[in-house]
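# Report on the structure
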Amino acid sequence: MTGPTQRTTPATTADAKTAEALEAEQQLAERQEAGRAGGGRPGWSPLPRRAGLKPSASPLFSLRAPISATSRWTLAVLSFAIPFLAWVVLSISGAVDSTFLPSPVAVVEAGADMASRGELFEDLWATTQRVLEGFGLAVLVSVPLGILMGTFTAGQAFFEPLIGLLRYLPASAFIPLLIIWLGLGEPSKIAILFIGTVFFNTLMTADVVRSVPSSLIDVSYTLGARRGEVLRKIVVPHSLPGMIDAVRVNAAAAWNFVVVAELINSSAGLGYRIVRAQRFLQTDKIFAVLVVIGIAGLGIDVLLRLLRTRVGRWAA
């Protein structure tokens, strides 16, 4: 007869598992030590030795290196001079027919002719007035709404899904509906500018407000400020430079939409003048109007830059 059968008790099983776990940990530690001794993980080749970064000979090619005022102005002039010279060469050489690419002299003469008859200034004022009304209304709506979405999580949860959907709808697709709703007058043109810019400016404003450091808000509450005071004295001042930058970006979009808006039964405006010149292949007038639009848009951008610099001197 065989001896009594040995039974495995729970204590014995637990000791065996503990021993296996300790052995596995010891093996893992040995592998990690071997990897550190070998200069990296097992099977990985050591990193190649590289020489230190050599300083660039010119700050123009260094990452985020400051440049002199002379270099800045030189580059700014070249950014205009190079395309202009290419335009002159193409027009003088005859590589492109003057019907499709008029010379700079022809463009200046066409602009001077429209200005002498008063057409250019009348169209410029009509277009500028539409931009100020349509985009100004969009700013009045989008800035408070963006502050609400960026400050309160509930506001973001309620408004952002709808605005995120509406921003993908092209403003030009609303033209038939706006004609039905508002007619062929100025309200439909203002509405196109409003629809084309209000949603993007709202989301950009909300992103700027949302970037206000939480530490500033917490410190304000610690010092005894109330919710309205934090919003008025911390959130809005900190976000103001970024909100002006958002307005700058969307102001350019407003000038793009105004040309589309002026296709609706217009009798004046730079967009109307472009369409009228296109009917008679007057490309010199088209180029002249485009130059005027560029100068007007650049002037607004410069004014907004100066405003940002003045009201947001603390911003980087």
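As the structure is a computational prediction, the values presented were derived from the model and not from experiment.

### Quick notes on the environment of Val-249
Tracing the backbone shows Val-249 in helix H9 (residues 227-261). Spatially, the C-alpha atoms of Val-249 and Asp-301 are 8.6 Å apart, while their sequence positions differ by 52 residues.

### Points about the pattern of salt bridges
Should their charged atoms come close, side chains of opposite charge can pair. Summed over all chains, the structure comprises 11 salt bridges. A salt bridge links Arg-117 to Glu-119, with the nearest nitrogen and oxygen atoms 3.7 Å apart. For Arg-117, a relative accessible area of 46% corresponds to the partly exposed category. Measuring nitrogen to oxygen at the nearest pair gives 3.7 Å for the salt bridge that ties Arg-273 to Glu-119. Of the two residues, Arg-273 is situated in helix H10 (residues 270-279) and Glu-119 in helix H4 (residues 119-151); the sequence distance between them amounts to 154 residues. Classification of Arg-273 by relative accessible area gives buried; the value is 13%. For Glu-119, a relative accessible area of 19% gives the class buried. Overlapping salt bridges, with partners in common, bring together Asp-113, Arg-117, Glu-119, Asp-123 and Arg-273 in one network.

Analysis parameters
Residues numbered from 1 in each chain as written. Predicted model: local features only at pLDDT ≥ 70, side-chain atom pairs only at ≥ 80, totals over all residues. Heavy atoms only, no water. Helix = DSSP H or I, 4+ residues; strand = E, 2+ residues; numbered from the N terminus. Salt bridge = Lys/Arg side-chain N within 4 Å of Asp/Glu carboxyl O. Buried < 20%, exposed > 50% of the residue type's maximum accessible area, 1.4 Å probe, protein only.

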